[in-house]
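In case you want the letters, here they are:
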Amino acid sequence: MDKYLFLAFSLFYIGLFLWGLQRGQKVPLIMKASLLLVTAGLIYDNGILAVSDQFGKSEGLKKLHFLRYWIHALFTPTLVLFSWTVIKNTDTGLSKKRGAGLAAFGLTALLIIWELVHTAQLSIKPVNQFGVLNYESAASQGPPIMIMAVSAALLFAGIVVWKKQSWKWMAIGVALMAAGSAIPLPIGSNAATNCFELILISSLWATLVFQEKKLKRA
């Protein structure tokens, strides 16, 4: 069952990516670029999980799965920059401080370096669950620092845009993603987290479109 869910997620992200290419003409380029990169990464991530059982365990498949971790390390931290542009588009006092923008770029760079170093040291092993052949970390890992930092940035931006522009959906999307990741669900599936991930990314694209409309009217 899970492999069909991952396939559905991948197809949804393909549609979202193609739709997103036509949006965001009025927002800062980094805002749109960040979402396109992350969405492209999720197309690959879910696609590989959907078809892995067709190939069986092999070094080639292991490398394809390892690429998922590299993409995650490179693309996901750019959501900090997305968060910064969301705040900047609200024209709050914080958005006018040069240091805040530099801090956003600096944090993004640090998170990418952190994840690249971590990924370079990563060892993965095959795990077959719910009809999906996955390659997961062979050793126990500490707290997901990068994910926690990105989630905090997204939540803060979501609260700002809710307060300043009465747009609540970004904050709700982040909150649902956090709840879905933290609370174990009593279902026989590993695809549930990816469903919450899809809700989050959809809320971010919706936020981009919302702010683009606001900027067009300004």
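Look up a bit, the structure's there.
Described below are features of the structure shown in this document. Residue numbers here run from 1 along each chain, matching the order of that chain's written sequence. Where totals are concerned, whole chains, interfaces and linings use all residues; where local detail is concerned, this predicted model gives features only for residues with pLDDT of at least 70, and gives and counts side-chain atom pairs only at 80 or more. Note: side-chain values were computed over all heavy atoms of the structure, leaving out hydrogens and water.

Topic: a nonpolar patch on the surface
Test applied: Patch criteria: residues need more than 30% relative accessible area and no salt bridge. Like-charged residues are merged within 9 Å; nonpolar side chains of Val, Leu, Ile, Met, Phe, Trp and Tyr are merged within 5 Å. For accessible areas, the Shrake-Rupley method is used with a probe of radius 1.4 Å. Any residue's cover is judged against the shown protein chains and nothing else. Any Lys or Arg side-chain nitrogen located within 4 Å of an Asp or Glu carboxyl oxygen qualifies as a salt bridge. Counting from the N terminus, the helices are DSSP H or I runs at least four residues long and the strands are E runs at least two residues long.
A surface patch of nonpolar side chains, about 420 Å² in accessible area, is lined by Leu-7, Leu-11, Ile-14, Leu-18 and Leu-21. Of note, Leu-7 is situated in helix 1 (residues 2–21).

Here we look at the pairing of strand 1 (residues 124–129)
The criterion, for reference: Note on pairing: two strands pair once DSSP finds at least 2 bridges between them.
The sheet contact formed by strand 1 and strand 2 (residues 132–137) spans 6 bridges and is antiparallel. Directly across from Asn-128, in strand 2, lies its bridge partner Leu-133. Taking the residues that link successive antiparallel strands as the turn, the strand 1-strand 2 hairpin has 2 residues, and the phi of Phe-130 there is positive, at about 55°.

Some thoughts on the nonpolar core
Inclusion rule: Buried Ala, Val, Leu, Ile, Met, Phe, Trp, Tyr and Cys residues that are joined via side-chain atoms within 4.5 Å together make up what is termed a nonpolar core. For each residue, the accessible area found with a 1.4 Å probe, counting protein chains only, is set against the maximum for its type, and the residue is called buried under 20%, exposed over 50%, and partly exposed in between. Here, two residues are considered to be in contact whenever any of their heavy atoms come within 4.5 Å of each other.
Core analysis: the biggest nonpolar cluster contains 44 residues, and Tyr-13, Leu-79, Phe-82, Leu-154, Met-170, Ile-201 and Leu-204 have the highest contact counts within it. Contributing elements (two or more residues each) for this core: helix 1, helix 2 (29–51), helix 4 (79–89), helix 5 (98–120), helix 6 (145–165), helix 7 (169–182) and helix 8 (192–217). Residue contributions to this core peak at 9 residues, all from helix 8. Among residues more than four places away in sequence, those in contact with Phe-82 are Met-31, Ser-34, Leu-35, Leu-154, Met-170 and Leu-204. Ranked by size, the runner-up nonpolar core spans 7 residues in total, among them Leu-61, Phe-66, Ile-124 and Tyr-135.

A look at a positive patch on the surface
Going by this rule: Counted as positive: Lys and Arg. Counted as negative: Asp and Glu. His and the chain ends are not counted at all. In this description, the location of a charge corresponds to atom NZ of lysine, CZ of arginine, CG of aspartate or CD of glutamate.
A cluster of basic residues, Lys-26, Lys-213, Lys-214, Lys-216 and Arg-217, forms a positive patch on the protein surface. Along the chain, Lys-216 turns up in helix 8.

Examining the environment of Ala-182
Mapped onto the secondary structure, Ala-182 falls in helix 7. Ala-182 gets classed as exposed once you look at its relative accessible area, which sits at 61%. Sequence separation of Ala-182 and Thr-193 is 11 residues, and the distance between their C-alpha atoms is 9.5 Å.

Observations regarding the packing of helix 5 against helix 6
Short version of the rule: Between N-to-C directions, angles cover 0 to 180 degrees, with each direction set by a line fitted to C-alpha atoms, over the stretch in contact for helices. Each angle receives one of four descriptions, namely roughly parallel if under 35 degrees, roughly antiparallel if over 145, roughly perpendicular if within 65 to 115, and oblique otherwise. Crossing handedness is defined as follows: a turn of the near helix away from the far one that is anticlockwise and smaller than a right angle gives a left-handed crossing, while the clockwise case is right-handed. Put simply, Ala, Val, Leu, Ile, Met, Phe, Trp, Tyr, Cys and Pro go in the nonpolar bin, Asp, Glu, Lys and Arg in the charged bin, and everything else, Gly too, in the polar bin.
At a minimum axis separation of 10 Å, helix 5 and helix 6 run at an interaxial angle of 155°. Judged by the inter-axis angle, helix 5 sits roughly antiparallel to helix 6. When you trace helix 5 past helix 6, the crossing you get is left-handed. Only Ile-145, Met-146, Ala-149 and Val-150 of helix 6 make contact with helix 5, whose side of the interface consists of Leu-111, Trp-114 and Glu-115. Along the lines of polarity and charge, the residues of the contact of helix 5 with helix 6 split into 6 nonpolar, no polar and 1 charged.

Section: the side chain of Thr-85
Along the chain, the position of Thr-85 falls in helix 4. When neighbours within four sequence positions are excluded, Thr-85 is seen to be in contact with Pro-28, Ile-30, Met-31 and Gln-211.

With respect to unusual backbone geometry
We note that Asp-91 has phi near 60°; this positive angle belongs to a residue other than glycine. Mapped onto the secondary structure, Asp-91 falls in the loop between helix 4 and helix 5. Overall, the relative accessible area of 52% leaves Asp-91 in the exposed class. The phi angle at Phe-130 is positive, at roughly 55°, despite the residue not being glycine.

As for the side chain of Gln-165
In this fold, Gln-165 is placed in helix 6. Setting aside residues up to four positions removed in sequence, Gln-165 forms contacts with Asn-89, Thr-90, Val-160, Phe-210, Gln-211 and Lys-214.

Some words on the environment of Val-161
Here Val-161 is to be found in helix 6. Expressed as a C-alpha distance, the spacing of Val-161 and Lys-88, which sit 73 residues apart in the sequence, is 9.6 Å. Leave out the neighbours within four places in its chain, and Val-161 touches Val-86, Thr-90, Ser-166, Trp-167, Met-170, Phe-210 and Gln-211.

Describing the environment of Met-1
Checked against the element boundaries, Met-1 lands in the segment before helix 1. Counting along the chain gives 188 residues from Met-1 to Ser-189, while the straight-line C-alpha distance between them is 8.0 Å.

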